[in-house]
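Take a look at the letters that make up each chain.
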Amino acid sequence: MNDLAELKTFVVAHAVSQGLPAGHYDPLLARIRHDEDGVPGSWAFEWSALADNLAAEGRSLEASVHYTMARFPFVDGPARARALERATGEFARWSAAHPALRSLDVELPAGRVRCWTTGLDAGSTGDAGDAAGPRPLLVMTGGIVSTKEQWAPVLLGLAELGFAGLVTELPGVGENTLPYRADSWTLFPALLDAIGRPAGTADVYLLALSFSGQLALRAALHDDRIAGVVGAGAPVREFFTDTAWQRRVPRVTTDTLAHLTRTSADEVYPAVRDWALREDELAALRIPVAHVTSLRDEIIPPGDARLLRRLVPRIRLLAHDDVHGAPSHFAQTRLWTLLSVLRMHGGNAPTRLALTRRFARLRYADPAVRSAA
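Residues numbered from 1 in each chain as written. Predicted model: local features only at pLDDT ≥ 70, side-chain atom pairs only at ≥ 80, totals over all residues. Heavy atoms only, no water.

## Focus on the side chain of His-291
Turning to step 1, where the next piece is worked out: Within the secondary structure layout, His-291 lies in strand β9 (residues 289-294).
Turning to step 2, where the next piece is worked out: Residue classification places His-291 among the buried positions, given a relative accessible area of 5%.
Turning to step 3, where the next piece is worked out: Excluding its chain neighbours within four sequence positions, the residues that come into contact with His-291 are Gly-231, Ala-232, Gly-233, Ala-234, Leu-308, Ile-315, Arg-316, Leu-317, Leu-318 and Trp-336. (Helix = DSSP H or I, 4+ residues; strand = E, 2+ residues; numbered from the N terminus. Buried < 20%, exposed > 50% of the residue type's maximum accessible area, 1.4 Å probe, protein only. Contact = heavy atoms within 4.5 Å.)

Encoded structure:
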């Protein structure tokens, strides 16, 4: 069973990112007394019970969000397995009203990758209204505990920015059946191959949150189609090599990482030690990189952000005085990550200016916030 106090702490960033206010989730969390599988008062039962009510009312997207919280942090029994199945089913039901969203299955030798996409078959439009070929592509992935359905609604806003989009999951998470291992960075080139993204066209941007950020940085060293990487709370080097830090990592993170890598909690950190990005690899990144870091992160050591700052030539950093996932600064992070993608790509000057002004209003209205841009 999971540590219940940790579940209640670390689910907050995910609840906030899904638009759930504290007044909604606090009473629900108060009803949860244990983590036994499918029993009243348990994690999966209480989240799922509310999700069942929302689904019965036809509120499919809200139901999907609550089922997703019910399977948090990973499927470890029948109750969470049902929650994941219902989460994906309700999201698919909601997507039927949004024909711009399309599902995509990519079959690879090691497993199946399920995605949500938009605009892959559309050309971009220049300032003069002339067709200019395929749109630039934004690929979005979450970390070791978040599913594609949490982020897929973002796709609906990409068309007006001139982007196509694809959202999927880290290997082993949600419906992604690929194993999570040292070569999991090949997920990104494989997806680009599967959708026919031509070699030599550097117009793909990876918005890779948390642990998928490490995969994105490594993929960028190997695939010249990747024109920029935006991340948040990514492990880079010290997370994988600092044994003293690893002893402080929350149990829910260690257990989830062990589950995904098919090891035990005692074996997982030696198993992933060689996943660390070397200093020469970080220095070899020639694309723009933007990264959000939390100054009180309980999961990612502060040395990883320092390494990015010191070694990556074209780095922009944003620091929040917050914990992992920066739940108190979600609106700022959302604006800054989108703005970072637009800066990397160029164009969209009016939109970039508007987003910059909105970000500044949010950022500098809070004197407790510190920036390391």
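Back to the write-up after that little detour.
## Remarks on the nonpolar core
Turning to step 1, where the next piece is worked out: In this structure, Trp-43, Trp-47, Tyr-180, Phe-239 and Leu-282 are the most contacted members of the largest nonpolar core, which totals 71 residues.
Turning to step 2, where the next piece is worked out: Residues in contact with Tyr-180, not counting those within four places in the same chain, are Ile-144, Leu-170, Pro-171, Phe-211, Leu-215, Leu-257, Leu-260, Thr-261 and Trp-275.
Turning to step 3, where the next piece is worked out: In terms of nonpolar packing, the next biggest core, distinct from the first, is built from 30 residues, Leu-138, Val-230, Ala-290 and Leu-342 among them. (Core = buried A, V, L, I, M, F, W, Y, C linked by side-chain atoms within 4.5 Å.)

## Structural notes on the sheet that holds strand β7 (residues 204-209)
Turning to step 1, where the next piece is worked out: What the eight strands build is an open sheet, ordered β1-β2-β6-β5-β7-β8-β9-β10; its pairing is mixed. The sheet is open, and its two borders are formed by β1 (102-108) and β10 (315-320), each paired with just one other strand. Sheet twist, expressed as the average angle between the axes of neighbouring strands with direction ignored, equals 20°.
Turning to step 2, where the next piece is worked out: Relative to β9, strand β8 (residues 226-232) is paired through four bridges, and the arrangement is parallel. Note that in β9 the partner of Gly-231 across the bridge is His-291.
Turning to step 3, where the next piece is worked out: Where helix α7 (residues 187-194) meets the sheet, it contacts β1, β2 (111-118), β5 (137-141), β6 (164-168) and β7, and its direction lies at approximately 135° from that of β5.
Turning to step 4, where the next piece is worked out: On the sheet, helix α8 (residues 212-222) packs against β5, β7, β8 and β9 and is oriented at approximately 150° with respect to β7. (Pairing = 2+ DSSP bridges. Axes fitted to C-alpha atoms, helices over the stretch in contact; angles between N-to-C directions.)

## What to know about the packing of helix α4 (residues 60-71) against helix α5 (residues 78-95)
Turning to step 1, where the next piece is worked out: Closest axis-to-axis distance for the α4/α5 pair is 8 Å, and the angle between their directions is 160°. For the element pair α4 / α5, the angle class is roughly antiparallel. Our pair here, α4 against α5, has a crossing hand that is left-handed. The segment α4 lies against α5, with Ser-60, Leu-61, Ala-63, Ser-64, Tyr-67, Thr-68, Ala-70 and Arg-71 engaging Arg-80, Arg-82, Ala-83, Leu-84, Arg-86, Ala-87, Glu-90, Phe-91, Arg-93 and Trp-94.
Turning to step 2, where the next piece is worked out: Class assignment for the residues of the contact of α4 with α5 results in nine nonpolar, three polar and six charged. (Parallel < 35°, antiparallel > 145°, perpendicular 65-115°, else oblique. Left-handed = near helix turned anticlockwise from the far one by under 90°. Nonpolar A, V, L, I, M, F, W, Y, C, P; charged D, E, K, R; others polar.)

## Some words on a positive patch on the surface
Turning to step 1, where the next piece is worked out: On the surface, Arg-334, Arg-357, Arg-358 and Arg-361 cluster together to form a positively charged patch.
Turning to step 2, where the next piece is worked out: Among the elements that make up the positive patch, the one with the highest residue count is helix α16 (residues 349-364) (three residues).
Turning to step 3, where the next piece is worked out: Turning to its location among the elements, Arg-361 is positioned in helix α16. (Patch = residues over 30% accessible without salt bridge, like charges linked within 9 Å, V, L, I, M, F, W, Y side chains within 5 Å. Areas by Shrake-Rupley, 256 points an atom, 1.4 Å probe, with all protein chains shown as cover. Salt bridge = Lys/Arg side-chain N within 4 Å of Asp/Glu carboxyl O. Lys, Arg positive; Asp, Glu negative; His and termini not counted. Charge placed at Lys NZ, Arg CZ, Asp CG, Glu CD.)

Function cannot be read off these values alone, since they describe shape.
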